[in-house]
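Fold and geometry: a report
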Amino acid sequence: MLARLFRLHGLLVASHPWEVIVGTLALTVCLVSMNHNLAASSQVCSWNECPQVQETVHSSDVITLTITRCMAIVYIYFQFKNLRQLGSKYILGIAGLFTGFSSFVFSTVVIHFFGKELTGLNEALPFFLLLIDLSKASALAKFALSSNSQEEVRENISQGMAILGPTFTLDALVECLVIGVGTMSGVPQLELMCCFGCMSVLANYFVFMTFFPACVSLVLELSRESREGRPIWQLSHFARVLAEEEDNKPNPVTQRVKIIMSLSLALVHAHTRLAAEQPGQNRSAEGAHSYEMSSGGPMRPLKLPSMHLEQAITLGLALLLAVKYVFFEQTETESSLSLMSPITSSPATQTAGCRGESPPPKPRAAPSERGETEGKAEDAEGTSLLLFASRDPSAAPPPQGGPRAPGPEESLARSSRALEECVAILSDPQRGARFLSDKEVMDLVSSRNILNYKLESVLETPERGVAIRRDMLSPKLPVRSALASLPYKEYDYSKVMGTCCENVIGYVPVPVGVAGPLLLDEKHFYVPMATTEGCLVASTNRGCRALSLSGGCHSRILADSMTRGPVVRLPSACRAAEVKVWLETPEGFGAMRDVFDRSSRFARLEKLLVGLAGRNLYIRFQSQTGDAMGMNMLSKGTEQALQRLTQQYPDVEVLSVSGNYCTDKKSAAINWVLGRGKSAVCEATVPAHVVREVLKSSTASLVELNINKNLVGSAMAGSIGGFNAHAANIVAAIYIACGQDPAQTVGSSNCITQMEAAGAGGEDLYISCTMPSIELGTVGGGTNLAPQQACLQMLGVQGTSAGEPGQNARQLARVVCATVLAGELSLMAALAAGHLVKSHMVHNRSKTNLSETLS
């Protein structure tokens, strides 16, 4: 509830930045303009007024104030130094804006409470600088800078406020209450400092909750300038800041302790204030203190005996740190700016790299390979700093009259590091791979300090690992520019690693078409099909139209069970026969089932089919697998069941968890006869007028063609499960679009298509498709990828089914079978009418003149 409230507050502030900024400034101006007369008070420091100290002070006060100022300067220096290492001038500018405006608000408060004079700022500002916290401000800025659009800026600011707001509010409350205890100490100077501290915390909190998020949203909106659709301020190495801040949420136990402590301190403050109002309890009336309160005039400044020495010390320290920050850290910072992002530096700017024993020369990348400048920002001197530099300077020259990218000689003089130093940087948890250039990472891969296949996990972003692998692979190819047209950017590789692919160098975009609406079981489906074969989607779409005009088609699931068939060896064929008999008994099956079922909450062993060849035993495990395709689930259960078998028969030798008795990704009669995965059947009756008008054919010619082509022709070829026109076409297209294993098209396209004359005059067409081994799932593997999930969502079957486990996968199998029926109907009609070749030539945009070719 509290997080939601802060999220709505953040969204409101980020969505209306001008209103919030103007309102904040107006409130601050009104505070300055208010008439405020400090009434005489019996308290040293209350919540709405602070003490006014006599001019006489001790030398200890001088020393304390000097140390405080120096600590404030050093503290601010280190905060900005840490921010600079993030590699973003935007972060520095936003942090500076936050500090400046917070100081302005704080100064306004001090001036207001001390009678509109600057006398209190001399003592107040150091305490403000000591208590200001830039970490929360920079974290909120990271949320905004990780966005790809202005709309996402607002959303990310609101999410950041939901994460940071409650913690920051509680911290501010605790700080105020803890520091406020000092206002009851009776020590004048301590009470004054604590009063300043409370004001600092409140001013910091006020700016963080109002002016700062509005200003961040407005600045990024005004600076929006996209390159290839990406804003110049979008920083890829902040992409995971949402998840990181979510993980870094404070411990709930700590939060409860803070709340309890806050309540306790509030009671202490309340008791003290109430007691102070009683007669005879006023501390200032006792006359024991060495200061006096002024009832009317403003506070007079502290006249320190050594004011000139104090100012010299403070000013000298500030100048020293400023010179160090601006001049001596410039080279180091610029180097880190080019290394923080995975796509920042080019081969030309990183030729130095790590100097190992024999570093391989870095070839020049293809001109089009990662050759676009993705963003720029203005540095402090007004020059343009390339935050995302081109990997090849020749690919994207800088704007005319603008700054040039650093050349090879400059980089060589700046970032030439030994191999040992690079290894040390890589091993340092505070620095890591993000402080290494691409060339240095390549040298570490060549020296096997980084394994090539682990690049994505070692580097700060998987995309940078893919980019470096491409750079290393390109010079080894027959055509060095071969990878230039293979995209790799803007892809979520976190869902690929450890699940879908290894040694990734990019991804292949495949066109996705849609066929439909497909009227199946009284529901309409729009079927995604990923293919590069012209006419396939158009033909299937025509079949869907014919089925819709015919009242749709109807389907049933006949069986649902995945299989795994290991092979084990016994000392003799007779011993193998004994084991076979035991497995087929209720006792043996029960023992195997108990172990198998414990391996997963979805796997349930239904059947064992045991085959024997000599002394080898082939055991076909058959089980339901929920909405998953289930091969991993079956393999795990089978492995544990085999361990139980070896306990029963110690002389059993497991040769392989897969003995091709499954059978997986191979054409096999056992799948055709017994089924594997989902077994489905789909049927429809097409009226004669639809056959004539939509399919441009006749029922008699379709029935005759089906017998001679799909049945007799396939039998003549010795086909197993191939009694169809092109079921594999539709299955493969849907599988690629929906994240299935394309190799399982081999078994999943087993299909027999049957056509018969129907109706009173035998002019209607009855068609059915029976598919006994559709191997698919809606969870796991490629179904975790966002584009494939989108295609599954089109069909309403993405993920696990909320009701009955396995329902989504069974529905997808029905859609596959029905789409195959639509494709069979359309292709057979085209073949019967003689339209196949002509339609392919037209829709494939062939320049071959068909009439000339035929003549």
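Rules used in this analysis
Residues numbered from 1 in each chain as written. Predicted model: local features only at pLDDT ≥ 70, side-chain atom pairs only at ≥ 80, totals over all residues. Heavy atoms only, no water. Helix = DSSP H or I, 4+ residues; strand = E, 2+ residues; numbered from the N terminus. Buried < 20%, exposed > 50% of the residue type's maximum accessible area, 1.4 Å probe, protein only. Contact = heavy atoms within 4.5 Å. Areas by Shrake-Rupley, 256 points an atom, 1.4 Å probe, with all protein chains shown as cover. Expected span 1.5 Å × (residues − 1). Phe/Tyr/Trp six-rings, centres within 6.5 Å; stacked < 30°, edge-to-face > 60°. Axes fitted to C-alpha atoms, helices over the stretch in contact; angles between N-to-C directions. Parallel < 35°, antiparallel > 145°, perpendicular 65-115°, else oblique. Nonpolar A, V, L, I, M, F, W, Y, C, P; charged D, E, K, R; others polar. Pairing = 2+ DSSP bridges. Polar contact = N/O pair within 3.5 Å; in protein donor to acceptor, adjacent residues only side chain to side chain. Bend = angle between axes of the 7 residues up to and from the residue. Salt bridge = Lys/Arg side-chain N within 4 Å of Asp/Glu carboxyl O. Left-handed = near helix turned anticlockwise from the far one by under 90°. Core = buried A, V, L, I, M, F, W, Y, C linked by side-chain atoms within 4.5 Å. pLDDT = per-residue confidence, 0-100.

Turning our eyes to something else, we now look at the overall build of the protein. Tallying secondary structure elements over the protein gives 31 helices and 17 strands in all. The proportion of buried residues among the 855 residues of the protein is 49%. Considering only residue pairs separated by 6 or more positions, the protein has 74% of its internal contacts joining residues 24 or more positions apart. As displayed, the protein has an accessible area near 39,400 Å², and 59% of this comes from carbon and sulfur atoms.

Below, the discussion takes up helix 22 (residues 631-648). For helix 22, spanning 18 residues, the distance from its first C-alpha to its last is 26 Å, which sits close to the expected 26 Å at 1.5 Å a residue. Within the span of helix 22, buried status applies to Met-631, Met-633, Leu-634, Ser-635, Gly-637, Thr-638, Ala-641, Leu-642 and Leu-645. Residues of helix 22 that are buried in the fold lie against strand 9 (554-564), strand 10 (567-569), helix 20 (573-584), helix 21 (586-597), strand 12 (616-624) and strand 13 (653-656).

Evaluated as defined, the whole model comprises six aromatic pairs. Ring centres of Trp-582 and Tyr-649 lie 5.6 Å apart, and the angle between their planes is 75°; this geometry places the pair in the edge-to-face category. Taken together, the residues span a long stretch of sequence, with Trp-582 in helix 20 and Tyr-649 in the loop between helix 22 and strand 13 at a distance of 67 residues. Summarising the burial analysis for this pair, Trp-582 and Tyr-649 share the class buried. Arranged with centres 6.0 Å apart and planes meeting at 55°, the rings of Tyr-618 and Tyr-661 form a pair that is tilted. Remark: Tyr-661 occurs in the loop between strand 13 and helix 23 (669-674) and Tyr-618 occurs in strand 12; sequence separation between them is 43 residues.

The N-to-C vectors of helix 15 (residues 419-427) and helix 16 (residues 438-446) enclose an angle of 100°; their axes lie 10 Å apart at closest approach. Accordingly, the angle class assigned to the pair helix 15 and helix 16 is roughly perpendicular. Across from Leu-419, Cys-422, Val-423 and Leu-426 in helix 15, the residues of helix 16 making contact are Glu-440, Asp-443 and Leu-444. A per-class count over the contact of helix 15 with helix 16 returns five nonpolar, no polar and two charged.

Pairing analysis gives nine bridges linking strand 11 (residues 604-613) to strand 12, with the strands arranged antiparallel. Looking at strand 12, one finds that Leu-609 is bridged to Arg-620.

Looking now at the environment of Gln-740. Looking at the element boundaries, Gln-740 is found in the loop between helix 26 (727-737) and helix 27 (745-748). For Gln-740 and Met-629, which are 111 residues apart along the polypeptide, the C-alpha to C-alpha distance reads 8.6 Å. Engagement of the side chain of Gln-740 in a polar contact is seen with the backbone oxygen of Cys-738, the distance being 3.2 Å. At 2.7 Å, the side chain of Gln-740 and the backbone oxygen of Gly-777 are in polar contact.

This next bit is on helix 25 (residues 699-716). It helps to recall that an α-helix has 3.6 residues per turn; residues three or four apart then point in one direction. Over its 18 residues, helix 25 extends 24 Å from the first C-alpha to the last, a length consistent with the 26 Å expected when each residue adds 1.5 Å. Taking the largest bend as the criterion, helix 25 deviates by roughly 25°, centred on Asn-706. The set of residues buried in helix 25 consists of Thr-699, Leu-702, Val-703, Asn-706, Asn-710 and Ser-714. Contacts made by the buried residues of helix 25 are with helix 24 (688-693), strand 15 (722-723), strand 16 (751-758), strand 17 (764-774) and helix 29 (807-833). Of the residues one or two after helix 25, Gly-718 is the one with positive phi, at around 70°.

What follows concerns the pattern of salt bridges. Applying the stated criterion across every chain, the model contains 17 salt bridges. Two residues, Arg-469 and Glu-456, come together in a salt bridge whose shortest N-O distance is 2.6 Å. In this pair, Arg-469 sits in helix 18 (residues 462-473) while Glu-456 sits in helix 17 (residues 455-458), placing the two residues 13 residues apart along the sequence. When sorted by exposure, Arg-469 lands in the same class as Glu-456, which is buried. Between Arg-464 and Glu-460 there is a salt bridge; the shortest N-O distance is 3.3 Å.

Let's shift gears to the packing of helix 21 against helix 22. With their axes 8 Å apart at the nearest point, helix 21 and helix 22 run at an angle of 135° to one another. The angle between helix 21 and helix 22 places the two elements in the oblique class. Relative to helix 22, helix 21 is oriented so that their crossing is right-handed. Contacts between helix 21 and helix 22 involve Ala-591, Met-592, Val-595 and Phe-596 on the former and, on the latter, Leu-634, Gly-637, Thr-638, Gln-640, Ala-641, Arg-644 and Leu-645. Here the contact of helix 21 with helix 22 is built from residues that sort into seven nonpolar, three polar and one charged.

Here we take up the nonpolar core. Ranked by internal contacts, the top residues of the largest apolar core, which has 58 residues, are Leu-518, Met-529 and Val-820. When residues of this core are assigned to their parent elements, the largest contribution, 14 residues, is made by helix 29.

When pLDDT is averaged across the protein, the result is 75; 62% of the residues are at 70 or more. Confidence drops under pLDDT 50 across residues 850-855; counting only partners more than four residues distant or on other chains, this segment forms four contacts.

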